[in-house]
Amino acid sequence: MIKVCKFGGTSMADAAAIRKVKDIVSADDSRRYIVVSAPGKRNKNDIKITDTLYACYDEAVKVGTCKKKFALIRERFTEIVRDLGLSIDINAVLDRTEKEIDEQRSADFAASRGEYLSAVVMAEFLGYEFVDASEMILFDSRGRLNSEYTDDMVKSRLSGIEHAVIPGFYGKNYGGSIKTFSRGGSDITGSIIARGVGADLYENWTDVSGFLVCDPRIVPEAKTISQITYKELRELSYMGASVLHSEAIFPVMKGKIPINIKNTFRPEDKGTMIVPNEKYEAKEAEEVITGIAGKKDFTVIFIEKSLMNSEVGFIRRVLSVIEHHGLRVEHLPSGIDTLSVVVASDQLKGGVLGDVINEIRESVSPDYVHVIENISVIATVGHGMARRPGTAATLFTALADAGINIRMIDQGSSELNIIVGVANDDYEKCIRAIYNAFIK
């Protein structure tokens, strides 16, 4: 068996956490390829290494050297190496890194050095080979992951290497420069490595024991999800559940490799298993829903026109206006004579909303246009929803009993989710009501 393990920022925060990582890796010989993040916060008042590295880039651009900000990086890694009792000449590595940040003046390069330095230290501590992600992960000329080429490079580079440590978060662009994924992208790196080496399991180690049914800040007693499918995860991640990067499932989906979300600080906990549909193990006592997630601050543009359904190209013309302004549409529920366009409110500032409304009026001559602001969108997701009669009735009854006015309803064609729009003020109350209605 081959396992790829990714350890997040809290798992790399200091020497004590890194020792826990070593204990976890050493406890299972199949944990052969280790992907690491940059050190995270040691306490709530601490600063993440990645944020400090972005500040290093800003300083290098403004004054020609990042010496002042990089001193914080130097202090952190020197302390970690000292506390681990390593003999590596970390100052030589840090000197070279500081010089490269000054010379390259690249935000991506600077930000990537947290993972790079973490991997150098972890490889030394574990006695594993260090393999730079830039040797394997390639982005194309449009900045997108070149997945097939990357897969081939991972297979080639790691072939014959029994144990390796790989920095997460970055690769190399078409021109040969360092390029990063979006924040949290080390999850994607782990998934890429898992696919490339044909792993049997991708373990993603963090500081929580898996996905919870909903945000514990809203429902403190929220249960841990024991098993979830790729599709359910995509829905919940898109709607704000943030334990795993939303793009991390794509590489492992192709190989149908399960992901296990585990807690570095409670390794005995089973965590959450993320599996393809065909590996989902239905249980007799299966909950109807898997999870609840949502986001605040949306604007709904409600358009009404008689005989809209018979007017060819109506929706296309509306969406052309949205596209013209570079807006992303979150949801598009419709009726026979109505269409609602749901857009994140922060995209409509600076007069954009007024321009969009005027252009929609000019383009499709609607009978009525109404704007509803300060809307929250909440998704209730569940593998078992389509098979259970009365799911929607239970949900809507719970919201009615809680005195919550539903402003919008949208159900995915896969019957995997039901999405409701409610006033921002009802967001927390809505999630609590849904949780209490379904989770026993």
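Residues numbered from 1 in each chain as written. Predicted model: local features only at pLDDT ≥ 70, side-chain atom pairs only at ≥ 80, totals over all residues. Heavy atoms only, no water.

Caption draft 1: Spotlight on the side chain of Arg317. Relative to the helices and strands, Arg317 is located in helix α10 (residues 314-324). A polar atom in the side chain of Arg317 sits 2.4 Å from the side chain of Glu311. Not counting residues within four places of it along the chain, the set of residues in contact with Arg317 comprises Glu311, Val312, Ser363 and Val364. (Helix = DSSP H or I, 4+ residues; strand = E, 2+ residues; numbered from the N terminus. Polar contact = N/O pair within 3.5 Å; in protein donor to acceptor, adjacent residues only side chain to side chain. Contact = heavy atoms within 4.5 Å.)

Caption draft 2: Structural context of helix α7 (residues 186-196). For α7, the tally of buried residues reaches 11 of 11 residues, placing the bulk of the element in the interior. Along α7, the residues that are buried comprise Ser186, Asp187, Ile188, Thr189, Gly190, Ser191, Ile192, Ile193, Ala194, Arg195 and Gly196. Positive phi shows up at Gly198, right after α7, with a value of about 65°. (Buried < 20%, exposed > 50% of the residue type's maximum accessible area, 1.4 Å probe, protein only.)

Caption draft 3: Representation of unusual backbone geometry within the structure. Of note in the backbone geometry, Leu307 takes a positive phi value of approximately 60° without being a glycine. If you trace the backbone, Leu307 turns up in the loop between β11 (291-304) and α10. For Asn374, which is not a glycine, the phi torsion comes out positive at approximately 55°. Relative to the elements of secondary structure, Asn374 occurs in strand β14 (residues 368-381).

Caption draft 4: Structural view of the sheet that holds strand β12 (residues 329-331). In spatial order, the strands read β12-β13-β11-β14-β16-β15; together these 6 strands make up an open sheet with antiparallel pairing. If you trace the sheet from one side to the other, it starts and ends with β12 and β15 (408-411), each paired once. Looking at each pair of strands side by side, their axes are set apart by 40° on average, direction ignored. Bridge analysis of β12 against strand β13 (residues 338-344) gives 2 bridges, and the strand direction is antiparallel. Across the sheet, residue Val329 finds its bridge partner in β13, namely Val343. This element, helix α11 (residues 352-364), spans β11 and β14 of the sheet and lies at about 50° to β11. Running at roughly 15° to strand β16 (residues 417-423), helix α12 (residues 391-401) makes contact with β14, β15 and β16 of the sheet. (Pairing = 2+ DSSP bridges. Axes fitted to C-alpha atoms, helices over the stretch in contact; angles between N-to-C directions.)

Caption draft 5: Layout of the packing of helix α1 (residues 15-26) against helix α5 (residues 107-126). Look at α1 against α5: their axes get within 11 Å of each other, and the N-to-C directions meet at 55°. Looking at the two axes, α1 sits oblique to α5. Viewed along their axes, α1 and α5 form a crossing whose handedness is right-handed. Along the contact surface, α1 presents Ile18, Arg19, Val21, Lys22 and Val25, while α5 presents Met122, Phe125 and Leu126. A per-class count over the contact of α1 with α5 returns 6 nonpolar, no polar and 2 charged. (Parallel < 35°, antiparallel > 145°, perpendicular 65-115°, else oblique. Left-handed = near helix turned anticlockwise from the far one by under 90°. Nonpolar A, V, L, I, M, F, W, Y, C, P; charged D, E, K, R; others polar.)

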